[in-house]
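Residues per chain are reported as follows:
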Amino acid sequence: MRYIESALGRLKLASCVTVASGTFGLEYFRLRDAAGEPLLPQESLGAYVSKTITYEPKAGNPSPRLCETECGLLNSIGLQNPGLKGFLQNDLPVLKETLHIPLIVSFSGSSTDEFCEMITAMEPYQEIAGFEVNVSCPNVEKEGIAFGADPEVIHKLVSRLAAITDKELIVKLSPNVTDIAQMALAAQEAGASSLALINTLWGMAIDWKTGKAMLSKKVGGYSGRGVKPVALALVYKAAQVAKIPILAMGGIHTWQDALEFIYAGASAVAVGTANFIDPGAPVKIAKGLHDYCKANDIHIRDLIAKVK
Ligand SMILES: Cc1cc2nc3c(=O)[nH]c(=O)nc-3n(C[C@H](O)[C@H](O)[C@H](O)COP(=O)(O)O)c2cc1C
């Protein structure tokens, strides 16, 4: 089966569907359907995006750190990860061995220097096709305000990263900002080769019977079906100013959802929360888009940002 190809900056994607950082472990590729066939053939994905790594290892937040809500999912995983050294020593060889699709490494730092040190360490690895820069994390140089909340900070950070890497440089924007277009422009002008959005929105759930917050950290990241209209609007606003491609995510559960994001301005889409409900969701979305394009004799490139 051939899927709908696309491109993100320097990276050609054999399928316009990918998986969102932190929502898809390699073990998903081992799942089989009733006939014993892989539930999710790797080639249905244009790329694999890793869980965000940080310079130092992180144990993550205490439980409970996941909570299902009426229309989505709240999480406060706390970027649990083995750190840069652990990733390079233990995880990267497994990713190299397992994947035959491009690997995009998501990473985050607590200062601009830390981001630069990380990308410099990873740049020589041929098995890494691109980077997704997670700017939703606190910046210690700016009293803990997220990198992604200030266009000047984004510009400074992305300019330095772009000077270090020749690989695909995706900047994943935070939706928790007043003006997403400003952030998209800052990343583009600084040399990002594509944008990804959205990361999770701030969210909270409280048990009215006990008055207790459902997450140990009380507030977390909201994702899934409920965020789709917000994500669509942010992708649309970013696409109005961006000349670089957009990898869109936020509540994509079906191929029809994906198509809406393409109309809003996405060149490719990522599936996140839907993976927790149906690990086969990305392939269903990829097949659905393929069949729709074939039946209507069109390519998604003809529909990108063509919302009427
Ligand atoms: C459990 C969980 C863990 C996540 N971890 C990360 C992460 O490590 N890095 C990141 O950039 N985004 C992370 N995200 C955000 C997703 O990549 C995605 O941007 C967001 O969930 C919106 O897409 P969705 O509604 O399809 O899930 C995480 C989301 C969930 C639900």
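In what follows, the accompanying structure is described. None of the values given here were measured: they were computed from a predicted structure.

**Considering the overall build of the protein chain**
Looking only at helices and strands, the protein chain has eight helices and 16 strands in total. Taken over C-alpha atoms, the radius of gyration comes to 18 Å for the protein chain, in line with the 19 Å a tight globule of 308 residues would show. Taken over the C-alpha atoms alone, the protein chain extends approximately 55 × 55 × 45 Å along its principal axes. When each of the 308 residues of the protein chain is scored for burial, the buried share is 47%. The long-range share in the protein chain, meaning contacts at least 24 apart out of those at least 6 apart in sequence, stands at 73%.

**Notes on the site of the ligand**
Taken together, 27 residues lie around the ligand, and Ala20, Gly22, Ser223, Gly272 and Thr273 are the ones closest in. Its residues assigned to classes, the shell around the ligand comprises 10 nonpolar, 15 polar and two charged.

**A closer look at the sheet that holds strand β5 (residues 66-69)**
Reading across the sheet, the four strands line up as β5-β6-β14-β11 and stay open at both edges, with antiparallel pairing between neighbours. The open sheet has two edge strands, β5 and β11 (201-204), and neither has a second partner. The average undirected angle you get between the axes of adjacent strands in this sheet is 40°. Bridging between strand β6 (residues 72-75) and strand β14 (residues 219-223) involves three bridges; their strand directions are antiparallel. Bridging from a neighbouring strand, Leu73 pairs with Ser223 of β14.

**Section: the sheet that holds strand β8 (residues 128-134)**
Strands sit in the order β3-β16-β15-β10-β9-β8-β7-β4 across an open sheet of eight strands; the sheet is parallel. Sheet topology places β3 (17-19) and β4 (48-49) at the edges, where each strand pairs with a single neighbour. One ladder, built from three bridges, connects strand β9 (residues 168-172) with strand β10 (residues 194-197); its direction is parallel. Considered in β10, the bridge of Ile170 is made with Ser194. Contacting β3 and β16 (268-271), helix α8 (residues 281-296) crosses the sheet at an angle of about 170° to β3.

**Overview of the pairing of β11**
The two faces of β11 differ: Leu201 and Gly203 on one face are buried, but Trp202 and Met204 on the other face are not. Taken together, the four bridges between β11 and β14 define a ladder with antiparallel strand orientation. Paired with Gly203 across the two strands is Gly220, which belongs to β14.

**Examining the pairing of β9**
Most of β9 is tucked away, with five of its five residues classed as buried. Along β9, one buried face is formed by Glu168, Ile170 and Lys172 and the opposite face, lined by Leu169 and Val171, is buried too. Note: β8 against β9, five bridges, orientation parallel. The residue bridging Gly130 from the neighbouring strand is Glu168, located in β9. Considered for its hand, the β-α-β crossover made up of β8, helix α3 (residues 151-164) and β9 is right-handed. The parallel pair β9 and β10, bridged by helix α4 (residues 180-190), forms a crossover whose chirality is right-handed.

**Some remarks on helix α5 (residues 228-241)**
In a regular helix each residue adds 1.5 Å, so 14 residues correspond to 20 Å; α5 covers 20 Å between its end C-alpha atoms and thus fits that length. Taken together, the buried positions of α5 are Lys228, Ala231, Leu232, Leu234, Val235, Tyr236, Ala238 and Ala239. Where α5 is buried, its residues contact α4, β10, β15 (246-248) and α6 (255-264).

So, how was this worked out
Residues numbered from 1 in each chain as written. Predicted model: local features only at pLDDT ≥ 70, side-chain atom pairs only at ≥ 80, totals over all residues. Helix = DSSP H or I, 4+ residues; strand = E, 2+ residues; numbered from the N terminus. Rg over C-alpha atoms; globule rule 2.2 N^0.38 Å. Buried ≥ 20, exposed ≤ 12 C-beta atoms within 10 Å, placed from the backbone. Contact = placed C-beta atoms within 7 Å. Near = placed C-beta within 6 Å. Nonpolar A, V, L, I, M, F, W, Y, C, P; charged D, E, K, R; others polar. Pairing = 2+ DSSP bridges. Axes fitted to C-alpha atoms, helices over the stretch in contact; angles between N-to-C directions. Right-handed = clockwise from strand over helix to strand, strands pointing away. Expected span 1.5 Å × (residues − 1).

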